[in-house]
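# Structural features, examined
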Amino acid sequence: MKNMPEDHPASRLIILSGLRGSGKSTLLQSAIGRVRNSGQDVAGILSLPVEKNGLKVAIDGLDLRKGEKQRLAVRNSGSQGALDTDRWQFNPHRMRWANDLLEAVSAS
């Protein structure tokens, strides 16, 4: 964290992890609402599951400040790109969007 003037509130980075279906997104969305209602700024990115027929088929990224949503990844269909895993194909341009967003938040 960069040095901040005493009158500037400290920024916090929160990473929440847990098992699929444990309520991570629900908990965070509730907490974000409470923080916003208290008049504080919320910034960053929230990864949201996209489900179809009970199966997670994609991952969306939500810009917490602007409300913009981008599709970050879809289920891997067998190809191997630079950002692919066994399960997911990550879109390089949208991951750049997410990284740029996080860099802007950390610089502010």
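This text follows the structure it describes.
Residues numbered from 1 in each chain as written. Predicted model: local features only at pLDDT ≥ 70, side-chain atom pairs only at ≥ 80, totals over all residues. Heavy atoms only, no water.

### A closer look at the overall build of the chain
Quick note on the threshold: Helix and strand labels come from DSSP, where a helix needs a run of H or I of at least four residues and a strand needs a run of E of at least two; each type is numbered from the N terminus. Burial classes follow relative accessibility: with a 1.4 Å probe on protein chains only, a residue under 20% of its type's maximum area counts as buried, one over 50% as exposed, and anything between as partly exposed. Whether two residues touch is decided by their heavy atoms; if any such pair falls within 4.5 Å, the residues are in contact. Each accessible area is a Shrake-Rupley estimate made with a 1.4 Å probe; only the visible protein chains count as cover when residues are assessed.
Along its length, the chain carries two helices and four strands. The buried share of the chain, reckoned over its 108 residues, is 22%. For the chain, long-range pairs separated by at least 24 residues make up 25% of all intrachain contacts whose partners lie at least 6 apart in sequence. If you sum the accessible surface of the chain, you get close to 8100 Å²; carbon and sulfur atoms cover 52% of it.

### Structural notes on the nonpolar core
Defined as follows: Definition of nonpolar core: a set of buried residues of the types Ala, Val, Leu, Ile, Met, Phe, Trp, Tyr and Cys, connected through side-chain atoms within 4.5 Å.
One finds Ile-32, Val-42, Leu-46, Leu-48, Leu-62 and Leu-64 forming the largest nonpolar core, which totals six residues. If sequence neighbours within four positions are ignored, Val-42 has contacts with Ile-32, Val-35, Arg-36, Leu-64 and Arg-65.

### Here's the deal with the pattern of salt bridges
Pairing between side chains becomes possible if they bear opposite charge and their charged atoms approach one another. Quick reminder of the rule: Only one rule defines a salt bridge in this text: a Lys or Arg side-chain nitrogen within 4 Å of an Asp or Glu carboxyl oxygen.
Under the criterion given, the structure shown has four salt bridges. One salt bridge connects Arg-71 with Asp-60, and the closest N-O pair in it is separated by 2.4 Å. A residue pair is termed long-range when its members are at least 10 positions apart, and Arg-71 in strand S3 (residues 69-75) and Asp-60 in strand S2 (residues 55-63) qualify at eleven residues. You can call Arg-71 partly exposed: its relative accessible area is 33%. Residues Arg-96 and Asp-100 are paired through a salt bridge, measuring 2.6 Å at the closest nitrogen-oxygen approach. A residue pair is termed a helical-turn pair when its members lie 3 or 4 positions apart in one helix, as Arg-96 and Asp-100 do in helix H2 (residues 92-107) at four residues. The partly exposed category is assigned to Arg-96, whose relative accessible area is 41%.

### A closer look at the sheet that holds strand S4 (residues 88-90)
Which entries qualify depends on this criterion: Here, strands pair whenever DSSP counts at least two bridges between them. Axes, fitted as lines to C-alpha atoms, cover a helix only where it is in contact. Angles between the N-to-C directions of the axes lie from 0 to 180 degrees.
With antiparallel pairing, the four strands of this open sheet are ordered in space as S1-S2-S3-S4. The open sheet has two free edges, formed respectively by strand S1 (45-52) and S4, since each of these has just one partner strand. Each neighbouring strand pair of the sheet contributes to a mean axis angle of 30°, computed without reference to strand direction. In this sheet, S4 lies alongside S3 in antiparallel orientation, the contact comprising three bridges. Its bridge partner lying in S4, Ala-73 is registered against Phe-90. Sheet contacts for H2: S1, S2, S3 and S4; angle to S3, the most-contacted strand, approximately 135°.

### With respect to unusual backbone geometry
For Asn-53, which is not glycine, the phi dihedral falls at a positive 55°. The topology assignment puts Asn-53 in the loop between S1 and S2.

### Describing the pairing of S3
Where S2 and S3 come together, five bridges link them in antiparallel fashion. Paired with Ile-59 across the two strands is Ala-73, which belongs to S3. Adjacent in sequence and paired antiparallel, S2 and S3 are bridged by five residues, among which Gly-67 carries a positive phi angle near 85°.

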